[in-house]
Amino acid sequence: MYLVHLRLLPPPGGERLPVATAALLMQGRGADADRVEHVSVHAEAQPCPVVGVYVQASTLEEAEATAQLAWARAVVTHPPLARWELLSAEVPLLRPDMDE
């Protein structure tokens, strides 16, 4: 399983992500197409809000593509999300010294 961070650029005016963002990303998962297991929204993250998407995938690239597809489907089902620009869909790199 991979954690993919979707970094989002807010629309002008400082609008907050919709409360239902996590649920919207979980919708539309037919026949295990996306393999999205869980979504966590970090609306207050700086400099940009981050949506964490946990994906079952065999490769990092597949996980990132799957999370990006889940975002695209959410935008189609909830057009107000289109005001948020998807800056990146990447598995975060963690430093080994973060636990120290």
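(A) Molecular detail of the side chain of S88. Following the sequence through the fold, S88 ends up in strand β4 (residues 85–90). A relative accessible area of 13% places S88 in the buried class. Not counting chain neighbours up to four residues away, the residues in contact with S88 comprise H5, L6 and R7.

(B) Molecular detail of the nonpolar core. By size, the foremost hydrophobic cluster in this structure holds 22 residues, and its most contacted members are V4, L6, L25, V51, V53 and W71. For this core, the secondary-structure elements that each account for two or more residues are β1 (2–9), α1 (21–26), β2 (36–42), β3 (50–55) and α2 (60–77). Apart from the residues within four sequence positions on either side, L25 is in contact with L6, V39, V51, V53, A70, W71 and A74.

(C) Spatial organisation of the environment of W71. Examined against the element boundaries, W71 turns out to sit in helix α2. We classify W71 as buried; its relative accessible area is 4%. Taking the C-alpha atoms as reference points, W71 and L86, separated by 15 residues in sequence, lie 8.4 Å from one another. For W71, the contacting residues outside a window of four places in its chain are L6, L8, T21, L25, L81, W84 and L86.

(D) Structural context of the pattern of salt bridges. Counting across every chain of the model gives 3 salt bridges. For E44, the salt bridge goes to R16, with nearest N and O atoms at 2.1 Å. Residue E44 is located in the loop between β2 and β3, and its partner R16 is located in the loop between β1 and α1; the two are separated by 28 residues in the primary sequence. In this structure, E44 and R16 share a single accessibility class: exposed. Between E62 and R35 there is a salt bridge; the shortest N-O distance is 2.2 Å. In this pair, E62 is assigned in helix α2 and R35 in the loop between α1 and β2, connecting sequence segments 27 residues apart. Using a relative accessible area of 26% as the deciding quantity, one classes E62 as partly exposed.

Rules used throughout
Residues numbered from 1 in each chain as written. Predicted model: local features only at pLDDT ≥ 70, side-chain atom pairs only at ≥ 80, totals over all residues. Heavy atoms only, no water. Helix = DSSP H or I, 4+ residues; strand = E, 2+ residues; numbered from the N terminus. Buried < 20%, exposed > 50% of the residue type's maximum accessible area, 1.4 Å probe, protein only. Contact = heavy atoms within 4.5 Å. Core = buried A, V, L, I, M, F, W, Y, C linked by side-chain atoms within 4.5 Å. Salt bridge = Lys/Arg side-chain N within 4 Å of Asp/Glu carboxyl O.

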